[in-house]
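# Chain and residue survey
In case you want the letters, here they are:
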Amino acid sequence: RELATGPLVKRLQLSATRADGLDECTREMFALAMLVRLGRISEQDVRATFDAFRRLDVDDDGVLNSRDIIMGEFQRRQTILRQSRSQADLQAAQQKSGNDPI
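Every residue gets a number counted from 1 within its own chain, in the order that chain's sequence is written. Confidence filtering applies because this is a predicted model: local features only for residues at pLDDT of at least 70, side-chain atom pairs given and counted only at 80 or more, and all residues used for totals across whole chains, interfaces and linings. Note that water and hydrogens are dropped before the side-chain values are worked out from all heavy atoms of the structure.

## So, the nonpolar core
As used in this record, nonpolar core signifies buried Ala, Val, Leu, Ile, Met, Phe, Trp, Tyr and Cys residues forming a set joined through side-chain atoms within 4.5 Å. Buried residues are those whose accessible area, probed at 1.4 Å on protein chains only, stays under 20% of the maximum for their type, while exposed residues exceed 50% and partly exposed ones sit between those limits. One finds Leu 8, Val 9, Leu 12, Leu 14, Ala 33, Val 36 and Val 46 forming the largest nonpolar core, which totals 7 residues. Elements that contribute at least two residues to this core include exactly helix 2 (7-11) and helix 3 (27-37). Contact definition: two residues touch when any of their heavy atoms are within 4.5 Å. Not counting the four nearest positions on each side in its chain, Val 46 is found in contact with Leu 12, Leu 32, Val 36 and Ile 41. A run of H or I in DSSP counts as a helix once it spans at least four residues, and a run of E counts as a strand once it spans at least two, with each numbered from the N terminus.

Structure (structure tokens):
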């Protein structure tokens, strides 16, 4: 019971409560908990992996597919382009006003 629904599993949010009130975890969730328990990976490793997954899961459906990856890359490039344009606009405004930081 502890390996499927114990404190480690709950801390890492590796289980879900079913409609009938029973806690359960998937094979993958169980494997993650076992790897942490065996010291092969840390809880921080699991959290970092979950964070990376959430960033890639652009439609927030809990599943990664090629569309998520492509849309994520597109959004990342759009963000970089906007930041680059903003920086160029700021530099141009500073040069125009004579406050060139260089």
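## A closer look at the pattern of salt bridges
It is possible for side chains of opposite charge to pair when their charged atoms get near one another. Definition used for salt bridges: Asp or Glu carboxyl oxygen within 4 Å of a side-chain nitrogen of Lys or Arg. In this structure the tally under the stated criterion is 5 salt bridges. Among the ionic pairs, Arg 27 bridges to Glu 28, the shortest N-O distance being 3.6 Å. When the shortest N-O distance is used, the salt bridge between Glu 73 and Arg 76 registers 2.7 Å. Taken as a pair, Glu 73 and Arg 76 lie in helix 5 (residues 66-97) at a separation of 3 residues, close to a single helical turn. Glu 73 gets classed as partly exposed once you look at its relative accessible area, which sits at 28%. With relative accessibility at 44%, the residue Arg 76 sits in the partly exposed group. Each of the salt bridges in this network shares a partner with another, and the network as a whole consists of Glu 73, Arg 76 and Arg 77.

## With respect to the confidence of the model for the protein chain
For the protein chain, the average pLDDT comes to 82, and 88% of its residues sit at 70 or higher. What pLDDT expresses is the predictor's confidence in each residue, scored from 0 to 100. For the protein chain, the element scoring lowest by mean pLDDT is helix 1 (residues 2-5), at 58; helix 4 (residues 43-56) scores highest, at 91.

## Let's talk about the environment of Cys 25
Within the secondary structure layout, Cys 25 lies in the loop between strand 2 (23-24) and helix 3. Separated by 12 residues in the primary sequence, Cys 25 and Gln 13 have C-alpha atoms spaced 9.5 Å apart.

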